[in-house]
Amino acid sequence: MSHSVDIAALANLLQEAAVKEILPRFRNLGSGDVRMKSEAIDLVTEGDEAAERLIKEKIGSIAPGAVFIGEESVAADPALLEKLVGADLAIIVDPIDGTFNFAAGLPLFGVMASVVAGGETVAGIIYDPLGNDWVIAERGSGAWMCRADGTQERLSVTAGVPVENMVGVASAGFYKQAERRIVMGNMAKVRMATSYRCAAHEYRIFAGGHLHFLMYQKLMPWDHLAGTLIAEEAGAYAARFDGSRYLPAHTDGGLLLATDKESWQELRREVFTV
């Protein structure tokens, strides 16, 4: 790879943050440990902030000179996100993806990190604190499930099926109301569409061959860079709604991932259209 980041060390750092700052707080949050950000379903906890602080403090030894962009750091200073564009090397971190689940005591959350070099996502990691395993991809090297015992398994998306048999994830909450009504009506054309409120696990199970599609509209880099690279390395086809390639600088335009290009085109035409 052209970047200089030790991916194994980065993966271990995500685990350390989970062990020290996230897991001790799971189902143990006090009344003042959960706060609302933009709306009632957009939360931040002491676990998010403490985990990001730990990762930020130690990232310099793993990626010297890299721009650090964490979800909570951007929440405090939105201008930080602009540094991603044009950065020679950047580390993007979501300290707890699935904060709503975490705060509710639901065991469905993850820690995500991606490496961006020269405007391209070159590595992605999704760590499951409860399962104690990682899904990792480096561009051109495939997507892998890596377990704590050292075993690894290459991941691959499932085969395409007709749209009426597809099962997938669709996050329709950021459509305008009129458009949301159309899209949610169209979703009756697939076998099942759901949302786990946790992109980390949605990307993991998609790359592992258990879903046929993923759809998102709001594209914050900490939510989607790692997962999209992992999915592509597992054989998926990913593009924004206009058919263009999803890049780290994009924060809108929607994102649709499918098992192959033909499935993507059918989903875009029949389901995710307004």
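No experiment lies behind these values; they were computed from the predicted model shown. (Residues numbered from 1 in each chain as written. Predicted model: local features only at pLDDT ≥ 70, side-chain atom pairs only at ≥ 80, totals over all residues. Heavy atoms only, no water.)

S.K.: Can you walk me through the layout of surface pockets in this structure?
M.R.: A probe matching the size of a water molecule, rolled over the atoms, marks out where space remains unfilled. Taken as a whole, the second largest pocket encloses approximately 240 Å³ of empty space. At the level of secondary structure, the elements contributing two or more residues to the lining of the second largest pocket comprise helix H1 (7-22), strand S7 (133-138) and strand S8 (143-147). (1 Å grid on protein atoms, 1.4 Å probe; cavity = no way out; pocket = protein on both sides within 12 Å on 5 of 7 lines; lining within 4 Å. Points joined across faces, edges and corners; volume = space filled by probe spheres on them. Helix = DSSP H or I, 4+ residues; strand = E, 2+ residues; numbered from the N terminus.)

S.K.: Please clarify how the domain arrangement of the chain should be interpreted in this entry.
M.R.: A common way to report how large an interface is uses the accessible area buried once the components associate. Domain annotation of the chain identifies domain 1 (7-154) and domain 2 (163-272). Relative to domain 2, the C-alpha centre of domain 1 lies at a distance of 21 Å. For the pair domain 1 and domain 2, the two sides together bury roughly 2600 Å², of which 65% comes from carbon and sulfur. Measuring nitrogen to oxygen at the nearest pair gives 2.7 Å for the salt bridge that ties Arg204 to Asp133. (Domains from an automatic or database assignment. Buried area = accessible area lost by both parts, 1.4 Å probe. Salt bridge = Lys/Arg side-chain N within 4 Å of Asp/Glu carboxyl O.)

S.K.: How do you make sense of the pairing of strand S5 (residues 110-117) when you look at a structure like this?
M.R.: Looking along a regular strand, one sees the side chains alternate between the two faces of the sheet. Along S5, 8 of the 8 residues are buried, which leaves the element largely enclosed by surrounding structure. Residues of S5 alternate between two faces, with Gly110, Met112, Ser114 and Val116 on one and Val111, Ala113, Val115 and Ala117 on the opposite face, all of them buried. In the sheet, strand S4 (residues 89-97) pairs with S5 via 7 bridges, with the strands oriented antiparallel. For Ala90, the partnering residue across the bridge sits in S5 and is Val116. The pairing of S5 with strand S6 (residues 120-128) spans 7 bridges and is classified as antiparallel. The residue bridging Ala117 from the neighbouring strand is Glu120, located in S6. Connecting the antiparallel pair S5 and S6 is a turn made up of 2 residues, with Gly118 showing a positive phi of about 60°. (Buried < 20%, exposed > 50% of the residue type's maximum accessible area, 1.4 Å probe, protein only. Pairing = 2+ DSSP bridges.)

S.K.: How do you make sense of the sheet that holds strand S10 (residues 167-170) when you look at a structure like this?
M.R.: Strand pairing within a sheet occurs via backbone hydrogen bonds; the two strands may be parallel or antiparallel. Taken together, the 5 strands give an open sheet; going across it, the order is S11-S10-S12-S14-S13, and neighbouring strands pair in mixed fashion. In this open sheet, the two strands that pair with only one neighbour each are strand S11 (192-194) and strand S13 (237-239). Averaged over all pairs of adjacent strands, the angle between strand axes in this sheet comes to 15°, irrespective of strand direction. Across 3 bridges, the pairing between S10 and S11 is parallel. In the sheet register, Val167 faces S11, and the bridge partner there is Met192. (Axes fitted to C-alpha atoms, helices over the stretch in contact; angles between N-to-C directions.)

S.K.: I keep staring at the packing of H1 against helix H2 (residues 46-62) and nothing clicks. Help me out?
M.R.: A packed helix pair is summarised by two numbers, namely the angle formed by the two axes and the spacing between the axes. Two numbers describe how H1 lies on H2: the axes approach to 9 Å, and their chain directions differ by 150°. For H1 against H2, the interelement crossing comes out right-handed. The segment H1 lies against H2, with Ala9, Leu10, Leu13, Leu14, Glu16, Ala17, Lys20, Glu21 and Ile22 engaging Gly47, Ala50, Ala51, Leu54, Ile55, Lys58, Ile59 and Ile62. Here the residues of the contact of H1 with H2 sort into 12 nonpolar, 1 polar and 4 charged. (Left-handed = near helix turned anticlockwise from the far one by under 90°. Contact = heavy atoms within 4.5 Å. Nonpolar A, V, L, I, M, F, W, Y, C, P; charged D, E, K, R; others polar.)

S.K.: Before we go on, may I ask you to explain the UniProt feature "binding site: Mg(2+)" (unreviewed entry) in the chain in this structure?
M.R.: UniProt's feature table lists "binding site: Mg(2+)" (unreviewed entry) at Glu71, Asp94, Ile96, Asp97 and Asp223, given in the numbering used throughout. The greatest C-alpha distance among the annotated residues, which extend across 153 residues, is 10.1 Å, indicating that they converge on a single site. Note on placement: Asp94 falls in strand S4. Its location among the elements puts Asp223 in helix H7 (residues 221-233). (UniProt positions renumbered as here; feature names shortened; annotations may be inferred.)

S.K.: I'm lost on the sheet that holds strand S9 (residues 152-154) in this one. Help?
M.R.: The 7 strands lie next to each other as S3-S4-S5-S6-S7-S8-S9, forming an open sheet whose pairing is mixed. Each edge of the sheet is formed by a strand with only one pairing partner; in this case those strands are strand S3 (67-70) and S9. For this sheet, the mean inter-axis angle between neighbouring strands, taken without regard to orientation, is 20°. Sheet topology note: the S3/S4 ladder contains 4 bridges and is parallel. Looking across to S4, one finds that Val67 is bridged to Ala90.

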